[in-house]
Amino acid sequence: MNAEITCCAFATMHLPWPWLRQTEDGCGGMAHTRFLLNESPSHAQWLVVLDEPPVNFETYVPIARRVLFITEPPEVKVYPPSYLRQFGCVVSPYGIRGVASERLLQENSCLTWHLGVNTAGNAYTSVLKNLAEIRNLPMPEKKGIFSVICSTKTFTLAQRKRIVFVKKLQARLGEMVDVYGRGHNPISDKALAILPYKYHLVLENSYLENSWTEKLSDTWLGYTYPIYLGASNIKNCCPPGAMLVLQSDNDEANIDAIARLLQEDPWESSLPALHQCRKWVLETTNVFARIDRMVHDAGVHMGSQPNLSHPVPLRQSSRWQRALLRRALRVGLYNPIVR
């Protein structure tokens, strides 16, 4: 193995999924790092876990070089302190109680992109095999005007609000808006609801700062103009000029703003900004690119601590602990967010 290339184990329980399509060669290779999916050989220098590892996962990597990416807002999943203590670095959109500031990177969690992944059946596949193919995806013909993907999930307050909002939007705009998702018009690939459209409504599950998800990334990857409701600081984190940001609690004003936007139809004039935002997504919200930079920037001193002589188990979070914490959160006895 090239001495300049660092071996990094990438572990997640979220399978099947074509994770490595977001690497340069489609097999785990990036500029400074070689990723191994759900493998942790003795020579792996870093371990990155997205949400949780698979069952019975073991690692030789010391805690200092273990990184956890938090993937869910607290109202969906609370991560117990005993689970978090297994990692030397936690990447999270929000400050977490029990995670010291020197261990926390408070930023977007780089959730994997869904555009181009066929989720029909048991084996998820992608026609886009590597990062280069995603990067060079031709801009499609935009015959459609406006779309939204909205499932019937009602677990969080934001999910319940978005169902109400989409119904109001349909009542106002009628056939101008095409609604996809479970309970509406199910699709096997999000590309079907994004690529043919100029505008796409992005409704996040949470309004926390830094918590934009693949819903936004997929939209820009599809050369589509996002109409966005979610992370309140999104304008400070991405290139300007290629999105409409909605208000969190004013449905009527938001519907008026959408109607004006569709009437003005700025998609073509916004193409330079859309291309810039697409480039930002490719370089900033790609979890493998983020880890590659992290490993490279860590420097030689982070690799001075030797690997463990024997593999140790990496535990999944305790289901009963999560249930207790979630219950405490709902009744106001516990808040995992540190501001």
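Residues numbered from 1 in each chain as written. Predicted model: local features only at pLDDT ≥ 70, side-chain atom pairs only at ≥ 80, totals over all residues. Heavy atoms only, no water.

## Things to note about unusual backbone geometry
Alright, step 1. Put simply, Leu15 and Pro16 share a cis peptide bond, and its omega is 0°.
Alright, step 2. Locating Pro16 in the fold gives a position in the loop between strand 1 (6-11) and strand 2 (33-37).
Alright, step 3. One non-glycine residue with positive phi stands out, namely Asn56, at about 65°.
Alright, step 4. Structurally, the position occupied by Asn56 is in the loop between strand 3 (46-50) and strand 4 (58-59).
Alright, step 5. The exposure class assigned to Asn56 is exposed, which follows from its relative accessible area of 73%.
Alright, step 6. Unusually for a residue other than glycine, Asp265 sits at a positive phi of about 50°.
Alright, step 7. Within the secondary structure layout, Asp265 lies in the loop between helix 6 (251-264) and helix 7 (271-284). (Helix = DSSP H or I, 4+ residues; strand = E, 2+ residues; numbered from the N terminus. Buried < 20%, exposed > 50% of the residue type's maximum accessible area, 1.4 Å probe, protein only.)

## Description of the sheet that holds strand 14 (residues 225-229)
Alright, step 1. The strand order across the open sheet built from 5 strands is 12-11-13-14-15, with neighbouring strands paired in parallel fashion. Edge positions in the sheet fall to strand 12 (177-180) and strand 15 (244-245), since each has one partner strand and no second.
Alright, step 2. Bridge count for strand 11 (residues 144-149) against strand 12 is 4 bridges, and the pairing is parallel. The residue of strand 12 that forms the bridge with Val148 is Val179. (Pairing = 2+ DSSP bridges.)

In short, shape yes, function no, at least from these values alone.
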